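Residue-level listing of the chains:
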Amino acid sequence: MEKLRVGILGATGMVGQRFISLLENHPWFEVVTVAASPRSAGKKYSEAVEGRWKMENPIPAGVADLVLKNVNEVEEIASGVDFVFSAVDMSKDEIKAIEEAYAKTETPVVSNNSAHRWTPDVPMVVPEINPEHFEVIESQKKRLGTTRGFIAVKPNCSIQSYAPALFALKEFEPKEVVVSTYQAISGAGKNFKDWPEMVENIIPYIGGEEEKSEKEPLRIWGKVEDGEIKICEDGPKITSQCIRVPVLYGHTATVFVNFGKKPTKEQIIEKWESFRGEPQELNLPSAPKQFIRYMTEDNRPQVQEDVNYENGMGVSMGRLREDTLFDYKFVGLSHNTIRGAAGGAVLCAELLTAKGYITKK
């Protein structure tokens, strides 16, 4: 097939960089436009990120010489692309406005930002868990007055290390969940050079993160009704603490859970290991072959050993055992800038393409 032309909004930040590195040699998508703030516009991409390219691999040759456009020149950027990924760094209101402006040019927007996660007719999707939420796009298009333009978002990075594991156990009715997340500094768009005070340090606060960790899984568990997503009223009650730790990539979660119908340990592991969704059925380019794996070693999953499982698109569980207060406890690990950010958005775009929502203009 002819590749779809992709623009990246907010291309110079850490998530924008991750989009660019993940899309190098992508079989369906080709980055043709990079856009950023007015102060970076007009520079070659390689010049704009000189000294602040944070990825492991060098800048892809196909993008290095692209000249950055001003992200606010919506019509001009939209005219040369089939869809855009959004990773812009602006206020919530500005992000909402600019993403809607792109959608209204009949350009689908697949966003990594949180601004539209609670817009009732914007789907917030983990492709393996709630692809049916894409159905609200038709209502959203009516509101926006578009035929092919819309916004879809992916959820917060930290919930990837426990929400899929809980969802795979849905039939056992998870009721109460206590989760603590130990989050990498790249989640703040930084590395150790940018943030020296994080070396050998823990900061017990990440703004807004606990609310997202407790509420977003319930929206993912929700249903499409009357053209919007209705939150799951009888889903698990979740309470969380979110802590920044001196790790570059990888969010770890410790989870305690009570069930309505308590499963055996063997049943839990079997549900995790056999869990599949539409990305696996459709064999999408970025889909992990096995989304959730269980590790039997006492000291796993570990960031250094396991964060890149399935190219960073799978999640790793370990230390599942019965608890004295709760039914079970376990540990989860996910890659926060791949599965949790850019990779999760790329997988959403692949599924939207496979379902016919994203097409050539």
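The structure we're discussing is the one just above.
Notes on the structure in this doc start here. (Residues numbered from 1 in each chain as written. Predicted model: local features only at pLDDT ≥ 70, side-chain atom pairs only at ≥ 80, totals over all residues. Heavy atoms only, no water.)

### Focus: the layout of surface pockets
If you add up the space inside the largest pocket, you get close to 1,200 Å³. As for the largest pocket, its lining consists of 46 residues, and the residues nearest its centre are V15, A87, V88, D89 and N113. Among the elements of the structure, α1 (14-23), α5 (92-104), α8 (209-220) and α12 (338-354) are those that each provide at least two residues to the lining of the largest pocket. Ranked by residues supplied to the lining of the largest pocket, first place goes to α1 with four residues. The residue makeup of the lining of the largest pocket, split by class, is 15 nonpolar, 21 polar and ten charged. Taken as a whole, the second largest pocket encloses approximately 480 Å³ of empty space. What lines the second largest pocket is a set of 21 residues, among which L22, E310, N311, M313 and I338 lie closest to the centre. By residue class, the composition of the lining of the second largest pocket is ten nonpolar, eight polar and three charged. (1 Å grid on protein atoms, 1.4 Å probe; cavity = no way out; pocket = protein on both sides within 12 Å on 5 of 7 lines; lining within 4 Å. Points joined across faces, edges and corners; volume = space filled by probe spheres on them. Helix = DSSP H or I, 4+ residues; strand = E, 2+ residues; numbered from the N terminus. Nonpolar A, V, L, I, M, F, W, Y, C, P; charged D, E, K, R; others polar.)

### A few points about the sheet that holds strand β5 (residues 109-111)
Here six strands make up an open sheet; going across it, the order is β3-β2-β1-β4-β5-β6 and the pairing parallel. Since the sheet does not close on itself, it has two edges, and those belong to β3 (69-70) and β6 (151-153), each with one partner. (Pairing = 2+ DSSP bridges.)

### With respect to α1
Counting buried positions along α1 gives nine out of ten residues, so the element sits mostly inside the fold. Turning to α1, its buried residues number three or more, namely M14, V15, G16, Q17, R18, F19, I20, S21 and L23. On the buried face of α1, the contacting elements are β1 (4-9), β2 (29-36), α2 (45-48), α3 (61-64), β4 (83-86) and α12. N25 lies just past α1 and shows a positive phi near 60 degrees. (Buried < 20%, exposed > 50% of the residue type's maximum accessible area, 1.4 Å probe, protein only. Contact = heavy atoms within 4.5 Å.)

### Here's the deal with the sheet that holds strand β14 (residues 328-334)
The six strands lie next to each other as β10-β7-β11-β14-β13-β12, forming an open sheet whose pairing is mixed. Each having just a single partner strand, β10 (237-244) and β12 (292-295) make up the two edges of the open sheet. Pairs of neighbouring strands in the sheet enclose a mean axial angle of 20 degrees, with direction left out of account. Where strand β7 (residues 174-183) meets strand β11 (residues 251-259), eight bridges bridge the pair, whose relative direction is antiparallel. Looking across to β11, one finds that P174 is bridged to F259. Running over the sheet, α8 touches β7 and β10 and is turned about 145 degrees from β10. Relative to β12, helix α9 (residues 265-274) is tilted by about 140 degrees, and along the sheet it contacts β11, β12, β13 (315-322) and β14. (Axes fitted to C-alpha atoms, helices over the stretch in contact; angles between N-to-C directions.)

### Here's the deal with the side chain of T12
Checked against the element boundaries, T12 lands in the loop between β1 and α1. On the basis of relative accessible area, T12 is assigned to the buried category, the value being 11%. Excluding residues that lie within four positions of it along the chain, T12 makes contacts with Q17, A36, Y45, A48, V49, R52 and L68.

### Comments concerning empty space enclosed by the protein
Under the defined criterion, the tally for this structure stands at one cavity of 30 Å³ or more. Size it by volume and the largest cavity reaches roughly 40 Å³. Forming the walls of the largest cavity are V125, V126, P127, K154, P155, Q160, R339 and G344. Its residues placed into classes, the lining of the largest cavity shows four nonpolar, two polar and two charged.

### As for the packing of α1 against α12
Across the interface, α1 lies against α12 with an axial gap of 9 Å and an inter-helix angle of 55 degrees. As the angle between them shows, α1 and α12 are arranged oblique. At the point where α1 passes α12, the crossing takes the right-handed sense. When α1 is examined against α12, the residues V15, R18, F19, L22 and L23 are found in contact with a partner set consisting of I338, A341, A342, G343, A345 and V346. Residues of the contact of α1 with α12, tallied by class, amount to nine nonpolar, one polar and one charged. (Parallel < 35°, antiparallel > 145°, perpendicular 65-115°, else oblique. Left-handed = near helix turned anticlockwise from the far one by under 90°.)

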